[in-house]
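Architecture at a glance
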Amino acid sequence: AARLKTTVFGKEIRYFAEIGSTNNEAKRLAAEGCPEGLIVVAEAQNTGRGRLARGWFSPFGKGIWLSVVLRPSFHPLDAPKCTLMAAVALTKAIHKVTDAPCGIKWPNDILYEGKKLVGILTEMSAEMDAINYVVIGMGINVNIAPDEFPPELRDIATSVAAAAGRPVSRLALLAEVLAELETVYCLAVSQGFDPVLDEWRKLSITLGQQVNVLAPGETFTGIAVNIDNEGALLVDTGQGVRRVLAGDVSIRPP
Ligand code: BT5
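Reading the values: the criteria
- Residues numbered from 1 in each chain as written.
- Predicted model: local features only at pLDDT ≥ 70, side-chain atom pairs only at ≥ 80, totals over all residues.
- Heavy atoms only, no water.
- Helix = DSSP H or I, 4+ residues; strand = E, 2+ residues; numbered from the N terminus.
- Rg over C-alpha atoms; globule rule 2.2 N^0.38 Å.
- Buried < 20%, exposed > 50% of the residue type's maximum accessible area, 1.4 Å probe, protein only.
- Near = heavy atom within 4 Å.
- Polar contact = N/O pair within 3.5 Å; in protein donor to acceptor, adjacent residues only side chain to side chain.
- Areas by Shrake-Rupley, 256 points an atom, 1.4 Å probe, with all protein chains shown as cover.
- Nonpolar A, V, L, I, M, F, W, Y, C, P; charged D, E, K, R; others polar.
- Arc of directions from axis to C-beta.
- Contact = heavy atoms within 4.5 Å.
- Domains from an automatic or database assignment.
- Buried area = accessible area lost by both parts, 1.4 Å probe.
- Salt bridge = Lys/Arg side-chain N within 4 Å of Asp/Glu carboxyl O.

The subject of this paragraph is the overall build of the protein chain. Along the backbone of the protein chain there are five helices and 12 strands. A compact globule built from 254 residues would reach a C-alpha radius of gyration of about 18 Å, and the protein chain, at 17 Å, matches this within 12%. Expressed along its principal axes, the backbone C-alpha trace of the protein chain runs to roughly 55 × 45 × 30 Å. Residues classed as buried in the protein chain amount to 52% of the 254 residues present.

Have a look at this one:
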């Protein structure tokens, strides 16, 4: 805690050697009324989760498996933008520990050399027009060597240490992540998401690229031209611009 640079985030820390999912624990604590800024971290997750019931590989002592509880006053429809906000904070934090070029793939991945370093899972509880809580889950592969990934992830996953070419202090990186996240969250609360989305655009590796979009029920290709003020990806298919609010996007090699 001595190394923390934040005023609210991480002032209350729940640390586990092993847990099912830090997001589940954070949601449980949030439902019980815990304060904003509480974080849950674990050395290992047994049932780490991605989106759509996918799994998240979370080996002991090798990553930052982290969830942060927020209690924002903005509208529930703005909550998905918390994922983009977290991606901005994580990319900036990683840029503090390595010069290796990494950037954001819409909506929730940070990639280095086309492979995923970080995944983000935002979950929310809201009633009517008010958010009760938002939990931002972040999985950062810190010191995982290429051969330590299970075979099915070897072609798609990498780590901060692999990008940096040396081991990286998880504690130092965690302090940077919380500092950047608090800064960008304060910006969103005070000025709205527009300046956050501008930062996202600068750190994106998706915009300007030819992409394949796997949206619910269909697949198409086009050029990712922008994100709109709701955080949706705008893809120019040649026959018009399509708006993608949820889905998976792959960047096509040139
Ligand atoms: C994500 O989902 O990328 C969100 C991951 C969020 C993980 C954090 S860890 C702390 C918190 N607690 C949780 O339980 N979760 C959050 P998605 O975009 O659906 O990607 C999932 C896919 O990424 C999987 O189906 C695998 O193909 C791949 N994958 C799994 N583990 C990975 C890893 N460690 N590194 C890179 N890719 C991985």
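With respect to spatial proximity, 27 residues lie near the ligand, and among them Ser21, Arg49, Arg54, Lys116 and Asn141 are the closest. In the model, an oxygen atom of the ligand is placed 2.9 Å from a nitrogen or oxygen of the Arg51 main chain. Measuring from a nitrogen atom of the ligand, one finds a backbone N or O atom of Phe57 at 2.9 Å. In the complex, the protein chains occlude 92% of the 790 Å² of accessible area that the ligand would expose alone. Elements supplying a minimum of two residues to the shell around the ligand: helix 1 (22–31), strand 3 (63–70), strand 6 (115–127) and strand 7 (130–141). Classifying every residue of the shell around the ligand gives nine nonpolar, 13 polar and five charged.

Looking at helix 5 (residues 194–203), one finds that the buried residues are Val196, Leu197, Glu199, Trp200 and Leu203. Projected down its long axis, helix 5 shows its buried positions confined to an angular sector of 155°, all on one face. Its buried side turned inward, helix 5 meets helix 2 (81–97), strand 4 (102–105), helix 4 (170–191) and strand 9 (218–227).

All right, on to the domain arrangement of the protein chain then. According to the domain assignment, the protein chain consists of domain 1 (13–203) and domain 2 (210–251). Every contact between the two is made by 11 residues of domain 1 and, on the other side, 15 residues of domain 2. When domain 1 packs against domain 2, close to 1,000 Å² is buried across both sides, 56% of that on carbon and sulfur atoms. In terms of surface lost to domain 2, no three residues of domain 1 exceed Lys105, Trp106 and Arg201, which account for 56% of the buried area on that side. There are zero salt bridges connecting domain 1 and domain 2. Among the elements that line the side of domain 1 that touches domain 2, the one with the most residues is helix 5, at four residues. Looking at the side of domain 1 that touches domain 2 residue by residue, the classes come out as five nonpolar, no polar and six charged.

We now examine helix 1. Within the sequence span of helix 1, burial applies to Thr22, Asn23, Glu25, Ala26, Leu29 and Ala30. Around the axis of helix 1, the buried residues are gathered within 160° of arc, so they sit on the same side. Tucked inside the fold, the buried residues of helix 1 contact strand 1 (13–19), strand 2 (39–45), strand 3, strand 6 and strand 7. Of the residues flanking the start of helix 1, the one acting as N-cap is Ser21, its side-chain oxygen 3.2 Å from the backbone nitrogen of Asn23. Where helix 1 terminates, the next one or two residues include Gly33, which has phi positive at roughly 100°.

Moving on to the environment of Trp65. As for its position among the elements, Trp65 is in strand 3. Sequence separation between Trp65 and Ile140 is 75 residues, and the spatial gap between their C-alpha atoms is 6.5 Å. At 3.3 Å, the side chain of Trp65 and the backbone oxygen of Pro59 are in polar contact.

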